[in-house]
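Now for the letters of each chain:
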Amino acid sequence: MPSHPPILIASDHAGFELKEALEAELKSLGYEVDDLGPASDASIDYADFAHPLAARVSSGEAERGVLLCGTGLGMSYTANRYPHVRAAVAWTPEIAALAREHNDANVLVLPARFVGTEEGKAILKAWLDTPFAGGRHARRIAKIERDATTDTSTEEKP
Ligand code: RB5
């Protein structure tokens, strides 16, 4: 039995090949994966695949997702329109680790035209393995959502 909750994954045509490789990698690491498509590298529009994934992370139905497009930008723009979604474009393992540690990124976005397969796997692994640091970073994340109980952004700073 897989020991982790399912991770959602989706791409556009530019990210399709890396999506397939990262899906296999996730499965070999013991994760259950829910592939939201596409099923081929035929040209499609990234938003059509980002919306369903981001909606499920936003509602809490899923905890984590991976999106891939050529630059990572279209996918991240779309996913970050959803409350509670923190979609981070990462092009090195260090950025992926910081996106977890400081930003509690619940969606990893890969710029598939700019990272190779092995690099992509290392970025994925860094994102999977790095915990959120909490503390001051939790306060900062609350300010993104403008959570009234913890958001002090309207208060004067000393
Ligand atoms: C597709 O050509 C490309 O525009 C897309 O993959 C992505 O980079 C958009 O942000």
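Our structure's up above, just so we're on the same page.
Each chain carries its own residue numbering, running from 1 in the written order of its sequence. Whole-chain, interface and lining totals are the exception, using all residues; otherwise, since this is a predicted model, local features are given only for residues with pLDDT of at least 70 and side-chain atom pairs are given and counted only at 80 or more. Each side-chain value is worked out from all heavy atoms of the structure, with water and hydrogens disregarded.

Things to note about the pairing of strand β3 (residues 64-69)
Reasoning step 1: Summary of the burial criterion: residues with accessible area below 20% of their type's maximum are buried, those above 50% are exposed, and those between are partly exposed, where the area comes from a 1.4 Å probe applied to protein chains only. Helix numbers and strand numbers start at the N terminus; a helix is a DSSP run of H or I with at least 4 residues, a strand a run of E with at least 2. Counting buried residues in β3 gives six out of six residues, a clear majority hidden from the surface.
Reasoning step 2: Both faces of β3 are covered, namely the face carrying Arg 64, Val 66 and Leu 68 and the face carrying Gly 65, Leu 67 and Cys 69.
Reasoning step 3: Pairing analysis gives five bridges linking strand β1 (residues 7-11) to β3, with the strands arranged parallel. Residue pairing for β3: Leu 8 is matched across the bridge by Gly 65.
Reasoning step 4: Any two strands with at least two DSSP-identified bridges between them are counted as paired. As paired elements, β3 and strand β5 (residues 107-111) share five bridges and run parallel to each other. Each bridged residue has a counterpart across the sheet, and for Cys 69 the counterpart in β5 is Pro 111.

Looking at the site of the ligand
Reasoning step 1: Close to the ligand lie Asp 12, His 13, Ala 14, Tyr 46, Cys 69, Gly 70, Thr 71, Leu 73, Gly 74 and Arg 113.
Reasoning step 2: Interatomic distance of 2.9 Å between a backbone N/O atom of Thr 71 and an oxygen atom of the ligand.
Reasoning step 3: In the analysis that follows, any N or O atom pair within 3.5 Å is treated as a polar contact, provided that within protein one partner can donate a hydrogen and the other can accept it, and provided that, for residues neighboring in sequence, both atoms belong to side chains. One of the backbone N or O atoms of Gly 74 is found 2.8 Å from an oxygen atom in the ligand.
Reasoning step 4: Using a 1.4 Å probe, accessible areas were evaluated by the Shrake-Rupley method; residue-level cover was limited to the displayed protein chains. Taken by itself the ligand offers 290 Å² of open surface, and the protein chains cover 71% of this.
Reasoning step 5: In this classification, Asp, Glu, Lys and Arg are treated as charged, Ala, Val, Leu, Ile, Met, Phe, Trp, Tyr, Cys and Pro as nonpolar, and every other residue, Gly included, as polar. In the shell around the ligand, the residues fall into four nonpolar, four polar and two charged. Here a residue is near a molecule or strand as soon as one of its heavy atoms is found within 4 Å of it.

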